[in-house]
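# Coordinates in review
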Amino acid sequence: MKIAVCIKQVPDSWAEKKMVDGLLDRVNVDAVLNDLDEYAIEEAMRIVEAHGGNDEGGPHTITVISMGPERASESIRKALSMGANGGILICDVALAGADALTTSKVLSTVISQGEFDLIICGTESTDARMSVVPAMIAERLGCAQLTYASAVTVDPSAKKVAITRVTETGVEEMFGEFPVVVSVVEKINEPRYPSFKGIMAAKKKTIETMNVASLGISIEGQWSVVVDASLRPARAAGVIITDDGTAGDQIVAFLVEKKLI
Amino acid sequence: MSNVLILADFIGAKLSRTTAELATAAARIAEVTAVVLAPVGKGSEYAAAVSHGPITNILVVESDSFTTHGVAASADVLNQIITTKAPRAVLIASHAFGKEVAGRVAVKSNSGIITDAVDISADLIATQLVFGGSTAVHSKISHGVPIITVRPNSITPDLREVHPIIETLIMEIGESAKKSVVTSVQPPEEGGRPELTEADIVVSGGRGTNGDFTAVEAFADSLGAAVGASRAATDAGWYPHSHQVGQTGKTVSPQLYVACGISGAIQHRAGMQTSKAILVINKDPEAPIFEIADFGVVGDLFSVLPKATEGINARKA
Ligand SMILES: Cc1cc2nc3c(=O)[nH]c(=O)nc-3n(C[C@H](O)[C@H](O)[C@H](O)COP(=O)(O)OP(=O)(O)OC[C@H]3O[C@@H](n4cnc5c(N)ncnc54)[C@H](O)[C@@H]3O)c2cc1C
């Protein structure tokens, strides 16, 4: 089984974020592995561990794929230290500021060239927060889309993947046949910390670098443009009281004032 | 005829209020056609539900694939309609399902996509709020048919009653849209409370409830509100995951959000920060949630909430 895990390096969610020329300033903030992608890496590890592991020369491999600047290799390295076998970084100036359409095109090209069986993603990146890339990859590959999985079962011999997901309409059971794109929610597992052994081993693993030309695709430019971005007026400071037994009445008064009751 | 398509938003078999909001935004741009995707035999019933909001036409497509193949089947049909009707834009509700349909349609129709818009102007400039609502970004689509998802509860709906012209379309769903198969759906328990993302008021409980949501629910019921929860509360199994508010839960934008025993972690705020008013009840005066409160009470939720509930119920009597 060939598993691909798509990851993204993002500005640290705790860092203060700014816009520069209508785009998020990614240069001057700490960059970290998108924390929702750690669940995808962990789930890939659990899937191979349930079916004999991913040791060198074995039947299963996990490849981490990321599109981003050179330093995104740090995030790939972290995934390798959690146990993935190798990485692919697609790095090209033409991809700076790429939107979801371009991102999904690049990732799906790498995935189809690598003939992966199972593609695992997080549900969203904490910076762009669109949650559309996994569905777009499935669309481009013309393959099954099993997103927002809170449980995943893989049957490698039957080439089948089944998931459970919680949606607006209830709890759904779904399945699909290889190749399958899965996205996993953060309830699915508890990502492992890289062990010392894992960190040492990761240093010897290979990260292959590709660009738009080596992928053989063309990038058609932007699909949307930012007209402007502006700071909104700060929220007016609220009224904070300490309960002296009358807080209930004061809440009622607040609701009346806001015409909510 | 120039028109804007909206995807009528059904949660299960129930039309959501977001549909009228989509229509209201769409009507600023051009005449509105609502697309209704229904199970076989349910087309006219579903279409009849689309009776409020500035909608002139309804296109109905019936197929059981919408239930069995979900997002992919809906996107396939919507794209076929886009190809034949050449709309000015397509507006879809911004929830997990709506965004995925939009994403797939954008790929199919080679069009730009904007998600989580909170407003759209007549010339198709979309407003999004980023960085916890502190920054407004205006953008527009420069390629293809603009595909825009609109956050529920962001646009004040024009709820006029309408009798749109209904047309039924027969469409084949492509094989590649049938690759994922839903084998069972267990509907959530009907609580009688409004849906989280649609509710005017959301009352949420966190770790501070210590697993006892009685006071939170009673307060919510006195206000006709939906009940939400922090991840600490859903992880502990105190409240269903489907009620989680936040980055990995639902994004809500009600008239009033009430946070009870919730500290206000960045991931929680990501799902509620654009609420119009925020009321906080927390024991710890240092809790970061107070930074975004319009009205905050430093106190014990178990004594404050019942008194507030009593006060509200007394006013109704
Ligand atoms: C990848 C990722 C995704 C996440 N996604 C989400 C998400 O979608 N939604 C979400 O909510 N969180 C999310 N989190 C978790 C988030 O970081 C916080 O851990 C969580 O929101 C904390 O929940 P809480 O505020 O209920 O609990 P705590 O932080 O423990 O706060 C409890 C609060 O209750 C107060 N309290 C205690 N007793 C009382 C009382 N009797 N009366 C009044 N106040 C009382 C305390 O003072 C405290 O402020 C995510 C985290 C990660 C890493």
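Before reading further, recall that the structure is shown in the block above.
Description of the structure in this document. Everything numeric in this text was worked out from a predicted model, so none of it was measured. (Residues numbered from 1 in each chain as written. Chains lettered and ligands numbered in written order. Predicted model: local features only at pLDDT ≥ 70, side-chain atom pairs only at ≥ 80, totals over all residues. Heavy atoms only, no water.)

### Concerning the interface of chain A and chain B
At the junction of the two partners, chain A supplies 74 residues and chain B supplies 84 residues. Here chain A meets chain B over a buried area of about 6,800 Å², counting both sides, of which 60% is carbon and sulfur. Three residues, Glu168, Trp223 and Arg235 of chain A, lead the burial of chain A against chain B; their summed loss comes to 11% of the area buried on that side. One can count 4 salt bridges joining chain A with chain B. Applying the counting criterion to the chain A and chain B interface returns 32 residue pairs in polar contact (both at pLDDT 80 or more). Two elements, strand β15 (residues 239–242) of chain A and strand β18 (residues 295–298) of chain B, share 4 bridges in a ladder whose sense is parallel. In the sheet register, Thr242 of chain A faces β18 of chain B, and the bridge partner there is Val298 of chain B. (Contact = heavy atoms within 4.5 Å. Buried area = accessible area lost by both parts, 1.4 Å probe. Salt bridge = Lys/Arg side-chain N within 4 Å of Asp/Glu carboxyl O. Polar contact = N/O pair within 3.5 Å; in protein donor to acceptor, adjacent residues only side chain to side chain. Pairing = 2+ DSSP bridges. Helix = DSSP H or I, 4+ residues; strand = E, 2+ residues; numbered from the N terminus.)

### Looking at the side chain of Ser204 of chain B
Here Ser204 of chain B lies in strand β14 (residues 201–205). Owing to a relative accessible area of 0%, Ser204 of chain B belongs among the buried residues under this scheme. (Buried < 20%, exposed > 50% of the residue type's maximum accessible area, 1.4 Å probe, protein only.)

### Comments concerning the pattern of salt bridges
Residue and element names in this part refer to chain A. A full pass over the atoms with the stated rule returns 26 salt bridges over all chains. Residues Glu49 and Arg192 are paired through a salt bridge, measuring 2.9 Å at the closest nitrogen-oxygen approach. Of the two residues, Glu49 sits in helix α1 (residues 35–50) while Arg192 sits in the loop between β12 (180–184) and α5 (196–204), which places them 143 residues apart along the sequence. A residue is classified by how much of its surface remains accessible, and Arg192, at 28% relative accessible area, is partly exposed. Bridged by salt links that share partners, the residues Glu42, Arg46, Glu49 and Arg192 form one connected network.

### Quick notes on helix α7 (residues 247–257) of chain A
Residues and elements named next belong to chain A. For α7, every residue scored as buried is listed here: Ala247, Gly248, Ile251, Val252, Phe254 and Leu255. For α7, the angular spread of the buried residues around the axis is 160°, confining them to a single face. Away from its buried face by more than 90 degrees, α7 exposes Asp249 and Glu257. Phi turns positive, to about 60°, at Lys259, one or two residues after α7. (Arc of directions from axis to C-beta.)

### Some words on the sheet that holds strand β16 (residues 256–260) of chain B
Spatial strand order, β15(A)-β18(B)-β17(B)-β16(B)-β14(B)-β15(B): 6 strands in an open sheet with parallel pairing. Edge positions in the sheet fall to β15 of chain A together with β15 (226–229) of chain B, since each has one partner strand and no second. Recorded for the sheet is a direction-independent mean angle of 15° between the axes of neighbouring strands. Relative to the sheet, α7 of chain A contacts β15 of chain A together with β16, β17 (277–282) and β18 of chain B, its axis offset from that of β18 of chain B by approximately 175°. (Axes fitted to C-alpha atoms, helices over the stretch in contact; angles between N-to-C directions.)

### Things to note about the nonpolar core
Within soluble globular proteins, side chains that are nonpolar tend to cluster in buried spots. Residue and element names in this part refer to chain A. Ranked by size, the top nonpolar core spans 40 residues in total, and within it Ile3, Leu118, Val152, Val161, Val182 and Val184 carry the most contacts. Of all the elements in the fold, those that place two or more residues in this core are β1 (2–7), α1, β6 (61–67), α2 (73–82), β8 (118–122), β9 (144–155), β10 (160–167) and β12. The element best represented in this core is α1, accounting for 8 residues. Dropping the residues within four chain positions of it, Val152 is found in contact with Glu43, Ile47, Val161, Ala162, Ile163, Val182, Val184 and Ile188. (Core = buried A, V, L, I, M, F, W, Y, C linked by side-chain atoms within 4.5 Å.)

### So, the sheet that holds strand β9 (residues 126–130) of chain B
Taking strand neighbours across the sheet as the criterion, the 4 strands line up as β14(A)-β10(B)-β9(B)-β8(B) in an open arrangement whose pairing is antiparallel. Edge strands, defined here as strands with exactly one partner in the open sheet, are β14 (224–231) of chain A together with β8 (119–120) of chain B. In terms of strand pairing, β8 of chain B meets β9 of chain B through 2 bridges, oriented antiparallel. Opposite Asp119 of chain B, over in β9 of chain B, you have Thr127 of chain B as the bridge partner.

### Things to note about the pairing of strand β7 (residues 86–90) of chain A
Residues and elements named next belong to chain A. Across the 5 residues of β7, 5 count as buried, placing the element largely inside the fold. Burial along β7 is two-sided: Gly86, Ile88 and Ile90 facing one way and Gly87 and Leu89 facing the other are all buried. In this sheet, β7 lies alongside β6 in parallel orientation, the contact comprising 5 bridges. Bridge assignment links Met67 to a residue of β7, and that residue is Ile90. Taking the sense of rotation as the criterion, the β-α-β connection linking β6, α2 and β7 turns out right-handed. Of the strand pairs in this sheet, β7 and strand β13 (residues 207–210) are connected by 4 bridges, and their pairing is parallel. Residue pairing for β13: Ile88 is matched across the bridge by Glu208. (Right-handed = clockwise from strand over helix to strand, strands pointing away.)

### A word on the environment of Lys99 of chain B
Residues and elements named next belong to chain B. The topology assignment puts Lys99 in helix α5 (residues 96–109). Under the relative-accessibility criterion, Lys99 is labelled buried at 8%. Sequence separation of Lys99 and Thr149 is 50 residues, and the distance between their C-alpha atoms is 6.4 Å. Here the side chain of Lys99 touches Asp116 through a polar contact of 3.0 Å, side chain to side chain.

### A closer look at the site of the ligand
Close to the ligand lie 29 residues; Arg207, Ser230, Thr248, Ser263 and Asn282 of chain B are nearest. With respect to the ligand, the chains having nearby residues are chains A and B. Here an oxygen atom of the ligand and a side-chain polar atom of Arg207 of chain B are 2.5 Å apart. Within the contact set of the ligand, an oxygen atom lies 2.8 Å away from a side-chain nitrogen or oxygen of Gln267 of chain B. About the coverage of the ligand: the protein hides 82% of its 980 Å² of free accessible area. Here the ligand occupies the second largest pocket. Elements that contribute at least two residues to the shell around the ligand include exactly α1 of chain A together with α7 (231–235), α8 (266–269) and α9 (301–316) of chain B. Of all the elements, α1 of chain A adds the most residues to the shell around the ligand, at 3 residues. (Near = heavy atom within 4 Å. Areas by Shrake-Rupley, 256 points an atom, 1.4 Å probe, with all protein chains shown as cover. 1 Å grid on protein atoms, 1.4 Å probe; cavity = no way out; pocket = protein on both sides within 12 Å on 5 of 7 lines; lining within 4 Å. Sits in = over half its atoms within 2 Å of the grid points.)

The values are spatial; any link to function lies outside them.
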